[in-house]
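# Inside the fold
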Amino acid sequence: MRKHPVSIALSNRILQKIDQEAIKEKRSRSEWIEVHFENIFFNAQQSKSFPNQ
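Structural notes, computed from the coordinates.

### Some words on the overall build of the chain
Along the chain, the regular secondary structure elements total two helices and zero strands. By residue count, 8% of the 53 residues in the chain fall in the buried class. If you sum the accessible surface of the chain, you get close to 5,200 Å²; carbon and sulfur atoms cover 54% of it.

Structure, rendered in structure tokens:
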């Protein structure tokens, strides 16, 4: 899979939380964010496909 860089501005408070969670899961900050975006988008698609579940 080809990955494209994206820039977003986050507060230090949010970055600290992301870093803490990434360390717990032994992931890089980028990996942690990517996994969470995938989960959000995948779950959103599933909810739309199966609204009665």
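After presenting the structure, the write-up continues.
### Considering the layout of surface pockets
Taken as a whole, the largest pocket spans an internal volume of roughly 520 Å³. Along the walls of the largest pocket sit 17 residues, with His4, Val6, Ser30, Ile33 and Glu34 positioned nearest its centre. A total of seven residues in the lining of the largest pocket trace back to one element, the largest contributor, which is helix H2 (residues 29-49). Here the lining of the largest pocket is composed, by residue class, of eight nonpolar, three polar and six charged.

### A short note on helix H1 (residues 12-24)
If you check H1, its first and last C-alpha atoms are 18 Å apart, about what 13 residues at 1.5 Å a residue would give, namely 18 Å. Taken together, the buried positions of H1 are Leu15, Ile18 and Ala22. Taken around the axis of H1, the buried residues stretch over an arc of 60 degrees, which confines them to a single face. Opposite the packed face of H1, turned more than 90 degrees from it, sit the exposed residues Arg13, Gln16, Lys17, Ile23 and Lys24. Once H1 ends, the next one or two residues include lysine 26, with phi positive near 55 degrees.

Reading the values: the criteria
- Residues numbered from 1 in each chain as written.
- Predicted model: local features only at pLDDT ≥ 70, side-chain atom pairs only at ≥ 80, totals over all residues.
- Heavy atoms only, no water.
- Helix = DSSP H or I, 4+ residues; strand = E, 2+ residues; numbered from the N terminus.
- Buried < 20%, exposed > 50% of the residue type's maximum accessible area, 1.4 Å probe, protein only.
- Areas by Shrake-Rupley, 256 points an atom, 1.4 Å probe, with all protein chains shown as cover.
- 1 Å grid on protein atoms, 1.4 Å probe; cavity = no way out; pocket = protein on both sides within 12 Å on 5 of 7 lines; lining within 4 Å.
- Points joined across faces, edges and corners; volume = space filled by probe spheres on them.
- Nonpolar A, V, L, I, M, F, W, Y, C, P; charged D, E, K, R; others polar.
- Expected span 1.5 Å × (residues − 1).
- Arc of directions from axis to C-beta.

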